[in-house]
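# Descriptive structure summary
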Amino acid sequence: MKPIGPIPPEFAAPGALTIAGRSAEDWVAAHGSPVFVYDPAIVATRIATLRAAMPAGLDIHFAIKANPFPPLLAAIAPLVDGLDVASAGELAKAVAVKPASAISFAGPGKRDAELEAAIALGATINVESEGEATRALAIGDRLGIAPRLAVRVNPSFELKGSGMKMGGRPAPFGVDAARVPALVRQIIASGADWCGFHIFAGSQALDTQAIIETQAATVALAAELAEQAGAQPPLVNIGGGFGVPYFAGDTPVDVAAIGAALGRWLHPGTRYAIELGRWLVAECGVYLARIVDRKESGGEIFLVLDGGLHHQLAASGNFGTVVRRNYPVALARDVGGAATETVSIVGPLCTPLDRLADRIAFPRADVGDVVAVFLAGAYGLTASPHDFLGHPKPPEILA
Ligand SMILES: *Cc1c(COP(=O)(O)O)cnc(C)c1O
């Protein structure tokens, strides 16, 4: 038997699972199975918690790739100071709900058409290389618009303990710190609107102390680069990387401790931002799927769902994890119910990878029952291969 991760407190009450006051069974009856349901009230509470913890003058940005579902995005946009996008497609979704001046566009390999869209709209481009800066400046010249350019820095350190490291080594992301001052001077000399620095060192970190140390190093690096460039950055985006507890033994990040430390580090007179994806939205989403078959093989019980890794890849352990561990899952009609057997919960795809829970203790469940997979609000449907095997794309519902 293997453990599951902690069920988010919002959904851990024993008995029938409710999402935004409505039972899981009701959501499935209304919208079919499988289905993603997102509760925007949970996101609003998390943003309020973060605001209360962070020092004044620190902007909060949402990195929309974590969940770009337009109705959820529309609910989040008024609660945050900025949206961070990583493609022209995301840019189009973001400008529908936020002024372009509050949108920044990061990511390697931006094509000319994407740079042009951002410049024409007036969004900030976080340039990832000297070559990209040169192309953006040329496009700005052609359009007769001074482009808004920030420089993404590849720092010489990484966010320790993070699931995905984005700094501290040769990387497709950002300009190596040593070359940044020269690039900033070139951008300013060309007449572009220099918007500051973007420094993002890693993702899915649960070690509060490591986050605090990385942020301190990030703030210091930005000050040093500004000094070398001889220009004050209008905004320093210090990244984020706050993780969420997916697995047994994981504990939440201490945002109050992070906010208190930032309050000591931030330089007065400089504007800062943090950008978070999963920490803001992971908890708000539940993926619901129905049991289609209950079978036994080699003495083990398999509950086969009508949904699987093609919708919720991360729960199968195939999105950014090295060792497969179980996400929190529950029998929707009996959360916290007494376990009577050991089961594996699998999806309908013809691959052994399609396993959402491996040998977990579970109450007796039968064909027709609904299973809930938690923490489905971030890197869910849009981070999963939903065309693989040709099952229909499931609906996403804003509760
Ligand atoms: C993906 C990404 C984020 C969001 O990361 P989370 O782990 O979801 O918080 C933020 N900034 C950049 C530059 C990213 O690429």
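Along each chain, the written sequence defines residue order, and numbers are assigned to residues from 1. With the structure being a predicted model, the display of local features is reserved for residues of pLDDT at least 70 and the display and counting of side-chain atom pairs for 80 or more, all residues being used for whole-chain, interface and lining totals. Computation of side-chain values covers all heavy atoms of the structure but excludes hydrogens and water.

If you check an unreviewed UniProt entry, the protein appears there as Pyridoxal-dependent decarboxylase, exosortase A system-associated from Sphingomonas donggukensis. UniProt positions are given in the numbering used here, feature names are shortened, and annotations may be inferred rather than shown by experiment. You can read under Cofactor (unreviewed entry) in the UniProt record for the protein the words "pyridoxal 5'-phosphate". Turning to the protein, the UniProt record has this under Sequence similarities (unreviewed entry): "Belongs to the Orn/Lys/Arg decarboxylase class-II family."

Take the side chain of Thr218 next. Structurally, Thr218 can be placed in helix 8 (residues 208-229). Exposure is judged per residue with a 1.4 Å probe applied to protein chains only, and the accessible area is read against the type maximum: over 50% gives exposed, under 20% gives buried, and values in between give partly exposed. Relative accessible area serves as the criterion here: at 1%, Thr218 is assigned to the buried category. At 2.7 Å, the side chain of Thr218 and the backbone oxygen of Thr214 are in polar contact. Among residues more than four places away in sequence, those in contact with Thr218 are Phe157, Ile199 and Ile238. In this text, helices come from DSSP runs of H or I with a minimum length of four residues, and strands from runs of E with a minimum of two, each type numbered from the N-terminal end. Side-chain atoms alone can form a polar contact between residues adjacent in sequence; in general such a contact is a pair of N or O atoms within 3.5 Å, and within protein one must be able to donate a hydrogen while the other accepts it. The contact criterion used is simple: two residues touch if any of their non-hydrogen atoms lie within 4.5 Å.

Another aspect to go through is helix 7 (residues 180-189). Inspection of helix 7 places Val180, Pro181, Leu183, Val184 and Ile187 among the buried residues, and these make up the whole buried set. What you see down the axis of helix 7 is that its buried residues fit within an arc of 160°, all on one side. Buried positions along helix 7 lie against strand 7 (124-127), helix 6 (130-143), strand 8 (148-154), strand 10 (175-176), strand 11 (193-199) and helix 8. Where helix 7 ends, the next residue or the one after it, Gly191, has phi of about 90°, a positive value. Here, the arc refers to the directions that run from the helix axis to the C-beta atoms.

The subject of this paragraph is the site of the ligand. For each residue, the test is whether any non-hydrogen atom lies within 4 Å of the molecule or strand; if one does, the residue is near. If you check the shell around the ligand, you find 13 residues, and the closest are Lys65, Ser203, Gly277, Arg278 and Tyr379. Between the ligand and Ser203, the relevant distance is 2.4 Å, taken from an oxygen atom to a side-chain nitrogen or oxygen of the residue. Between the ligand and Arg278, the relevant distance is 2.8 Å, taken from an oxygen atom to a main-chain nitrogen or oxygen of the residue. Each accessible area is a Shrake-Rupley result for a 1.4 Å probe, and residues are judged covered by the shown protein chains and nothing else. Contact with the protein chains hides 91% of the accessible area of the ligand, taken as 390 Å² for the molecule alone. Think of it as three bins: nonpolar holds Ala, Val, Leu, Ile, Met, Phe, Trp, Tyr, Cys and Pro, charged holds Asp, Glu, Lys and Arg, and polar takes everything else, Gly as well. Of the residues in the shell around the ligand, the class split is five nonpolar, four polar and four charged.

We now examine the packing of aromatic side chains. Each aromatic pair joins two rings of Phe, Tyr and Trp (for Trp, the six-membered one) with centres within 6.5 Å, and gets the label stacked for planes under 30 degrees apart, edge-to-face for over 60, and tilted for any other angle. Scanning the entire structure with this criterion turns up 10 aromatic pairs. Look at Tyr38 and Phe69: their rings are 5.7 Å apart centre to centre, the planes differ by 55°, and that puts the pair in the tilted class. Placement of Tyr38 in strand 3 (residues 35-38) and of Phe69 in the loop between strand 4 (58-63) and helix 3 (70-76) is noted, with a sequence separation of 31 residues between them. As far as burial versus exposure is concerned, Tyr38 and Phe69 are alike and both buried. For the pair Phe247 and Tyr327, a centre-to-centre distance of 5.8 Å together with 70° between the ring planes defines the contact as edge-to-face.

Turning next to the domain arrangement of the protein. Assigned domains of the protein: these are domain 1 (9-38 + 282-398) and domain 2 (68-276). Segmentation into domains, and thus their bounds, comes from an automatic or database assignment. Each of domain 1 and domain 2 was reduced to a C-alpha centroid, and the two centroids are 34 Å apart. Listed per partner, the contact involves 15 residues of domain 1 and 10 residues of domain 2. Between domain 1 and domain 2, roughly 1200 Å² of surface is buried when both sides are summed, and carbon and sulfur atoms account for 73% of that area. Think of a salt bridge as a Lys or Arg side-chain nitrogen and an Asp or Glu carboxyl oxygen that are within 4 Å of each other. The interface formed by domain 1 and domain 2 contains zero salt bridges. Taken together, the connections running from domain 1 to domain 2 amount to zero residue pairs in polar contact (both at pLDDT 80 or more). A simple way to read buried area is as the amount of 1.4 Å-probe accessible surface that goes missing from two parts once joined, with both sides added.

Note that soluble globular proteins tend to have their nonpolar side chains buried in a common cluster. Counting residues in each nonpolar core, the largest one holds 124 residues, and the members touching the most others are Leu17, Phe197, Phe242 and Leu288. No other element matches helix 8, which puts eight residues into this core. Structurally, this core is a two-domain feature, drawing no fewer than three residues from each of domain 1 (9-38 + 282-398) and domain 2 (68-276). In this description, a nonpolar core means a group of buried Ala, Val, Leu, Ile, Met, Phe, Trp, Tyr and Cys residues linked to one another through side-chain atoms lying within 4.5 Å.

We now examine the pairing of strand 7. Both faces of strand 7 are covered, namely the face carrying Thr124 and Asn126 and the face carrying Ile125 and Val127. Where the polypeptide runs from strand 6 (residues 103-105) across helix 5 (residues 112-121) and back to strand 7, its parallel neighbour, the crossover connection is right-handed. By the criterion used throughout, a crossover qualifies as right-handed when its path from the first strand across the helix to the second strand runs clockwise, the strands pointing away from the viewer. For the segment spanning strand 7, helix 6 and strand 8, crossover handedness is right-handed.

Right, let's get into the pattern of salt bridges. Pairing is possible between side chains of opposite charge, provided their charged atoms come close. In total, this model carries 19 salt bridges according to the counting rule given. A salt bridge links Asp358 to Arg359; the shortest N-O distance between them is 3.2 Å. Accessibility expressed as a relative area gives 34% for Arg359, which makes it partly exposed. A single network of salt bridges, built from pairs that share partners, joins Lys2, Arg355, Asp358 and Arg359.

The subject of this paragraph is the environment of Phe62. Mapped onto the fold, Phe62 is located in strand 4. We classify Phe62 as buried; its relative accessible area is 0%. For the pair Phe62 and Tyr287, spaced 225 residues apart in the sequence, the C-alpha separation amounts to 22 Å. In contact with Phe62, other than residues within four places in its own chain, are Asn67, Leu73, Ile76, Val80, Gly82, Leu83, Asp84, Leu276, Gly277, Leu280 and Val281.

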